[in-house]
Amino acid sequence: YVRFFPIVGAIIVIFDLFANVYFFNGRIGGNDLVLILTGFTWLLYPYIPSYYFRERDFVFIFINILTLLVVLPSTIYNLNQASTLDGSSSPAEILIVNLFLAKPLSFILNILGYDSIALGEVLKYRSMNGTLSQVFIAQGCSGLYSVAIFVSAFIAFVSTEYQKFNFEVLALLITGIIIAYIANLFRMVLIVIVGIHRGSEALIWAHANVGWLIFILWIWLFWSLLSSFLDESKKANI
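Quick caveat, the model's predicted, so the values are computed rather than measured. (Residues numbered from 1 in each chain as written. Predicted model: local features only at pLDDT ≥ 70, side-chain atom pairs only at ≥ 80, totals over all residues. Heavy atoms only, no water.)

K.L.:
I'm lost on the pairing of strand β3 (residues 132-136) in this one. Help?
P.N.:
Looking down a regular strand, the side chains alternate between one sheet face and the other. Of the pairings in the sheet, the one linking strand β2 (residues 122-126) to β3 comprises five bridges and is antiparallel in character. In the strand pairing of β3, Arg-126 is matched with Leu-132. (Pairing = 2+ DSSP bridges. Helix = DSSP H or I, 4+ residues; strand = E, 2+ residues; numbered from the N terminus.)

Printed below as a string of structure tokens:
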């Protein structure tokens, strides 16, 4: 059925552009870019040389799983809510940020002795000088995308390199998801604490420079563990 892949890809791209104009707010967002990229992977799949089958299949599996984990649930939720036409966050975005980051972040800060409260996408906190400050939390900071990207990459990697799912692989996947979420929460806690002690400018600096270091570190450690495990499993099966 590979010969039909370009048709499927064209339908996906056209459907996204049509639905975005007539059913949603008309702006090309992150979900639209993911779906359009998914369409192009279907379009180009038959034309990629078989010599690059691992790279081709990894990208194909990765982007399609990412669409199922991120784009599809968000789209279904938004269809059941009032669409935003002013460029503001959609109901799904607000709910995701509040549940997965704002509330847990406020809870941890309060445990550590800092005064804070989560209201939708806004986290209000009291600085060391006594002033009440707030920070807007975007959906990209919620950690959901990071977890979805990790899961998609994990499944694509195992599918192309290991081609076998067992209890050990499932345990690694669950461990990776938990670590990804905790790492993102730890990142945001550090960022807000910097803002509480040093002000908004320091918070912005920490947001731009600290987060990616944390994620690079844990991704490197986890992927090293995953590669070692898969290599040992391959040797054991020979």
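K.L.:
Is there a simple way to explain the pattern of salt bridges in this structure?
P.N.:
One pass over the structure, following the stated rule, counts three salt bridges. When the shortest N-O distance is used, the salt bridge between Arg-56 and Asp-57 registers 3.1 Å. Comparing Arg-56 with Asp-57 shows no difference in burial state: the two are buried. Of the charged contacts in the structure, one is a salt bridge between Arg-126 and Asp-115, with a shortest N-O distance of 3.4 Å. Pair noted here: Arg-126 is in strand β2 and Asp-115 is in the loop between α4 (91-111) and β1 (116-119), with a separation of eleven residues, a long-range link. When its relative accessible area of 36% is taken as the criterion, Arg-126 is described as partly exposed. (Salt bridge = Lys/Arg side-chain N within 4 Å of Asp/Glu carboxyl O. Buried < 20%, exposed > 50% of the residue type's maximum accessible area, 1.4 Å probe, protein only.)

K.L.:
How should the side chain of Asp-57 be read in this particular structure?
P.N.:
Mapped onto the elements, Asp-57 comes out in helix α3 (residues 53-79). Judged by relative accessible area, which is 19%, Asp-57 ranks as buried. At a separation of 3.1 Å, a polar atom in the side chain of Asp-57 contacts the side chain of Arg-56. (Polar contact = N/O pair within 3.5 Å; in protein donor to acceptor, adjacent residues only side chain to side chain.)

K.L.:
Looking at this structure, I do not really get the nonpolar core. What am I missing?
P.N.:
When a protein is soluble and globular, its nonpolar side chains tend to lie buried together. Ranked by internal contacts, the top residues of the largest apolar core, which has 20 residues, are Leu-101, Leu-105, Leu-109, Leu-123, Tyr-125, Ile-137 and Val-192. Of all elements in the fold, only α4, β2, α6 (167-198) and α7 (200-209) reach the threshold of two or more residues within this core. Considering each element in turn, this core owes the most residues, seven residues, to α6. For Ile-137, the residues in contact, after removing those within four places along its chain, are Val-97, Leu-101, Ala-102, Leu-105, Glu-121 and Leu-123. Counting 18 residues, the second largest nonpolar core, distinct from the first, contains Phe-157, Tyr-162, Ala-180 and Ile-214. (Core = buried A, V, L, I, M, F, W, Y, C linked by side-chain atoms within 4.5 Å. Contact = heavy atoms within 4.5 Å.)

K.L.:
Before we go on, may I ask you to explain the packing of α6 against α7 in this structure?
P.N.:
A packed helix pair is summarised by two numbers, namely the angle formed by the two axes and the spacing between the axes. Contact pair α6 / α7: the axes reach a minimum separation of 7 Å and the direction vectors enclose 155°. Here α6 is positioned roughly antiparallel relative to α7, judged by the angle of their axes. Considering only the axes of α6 and α7, their crossing is right-handed. Residues Arg-187, Ile-191, Val-192, Val-194, Gly-195 and Arg-198 of α6 lie in contact with α7, whose contacting residues are Ala-202, Leu-203, Ala-206 and His-207. Among the residues forming the contact of α6 with α7, the class breakdown is six nonpolar, two polar and two charged. (Axes fitted to C-alpha atoms, helices over the stretch in contact; angles between N-to-C directions. Parallel < 35°, antiparallel > 145°, perpendicular 65-115°, else oblique. Left-handed = near helix turned anticlockwise from the far one by under 90°. Nonpolar A, V, L, I, M, F, W, Y, C, P; charged D, E, K, R; others polar.)

K.L.:
Is there a simple way to explain α7 in this structure?
P.N.:
An α-helical segment advances 3.6 residues per turn. Residues three or four places apart therefore align on the same side. Within α7, the full set of buried residues consists of Ala-202, Leu-203 and Ala-206. Viewed end-on, α7 has its buried residues packed into an arc of 105°, placing them on one side of the element. For α7, the exposed residues set more than 90 degrees away from the buried face come down to Ser-200, Glu-201, Ile-204 and Trp-205. (Arc of directions from axis to C-beta.)

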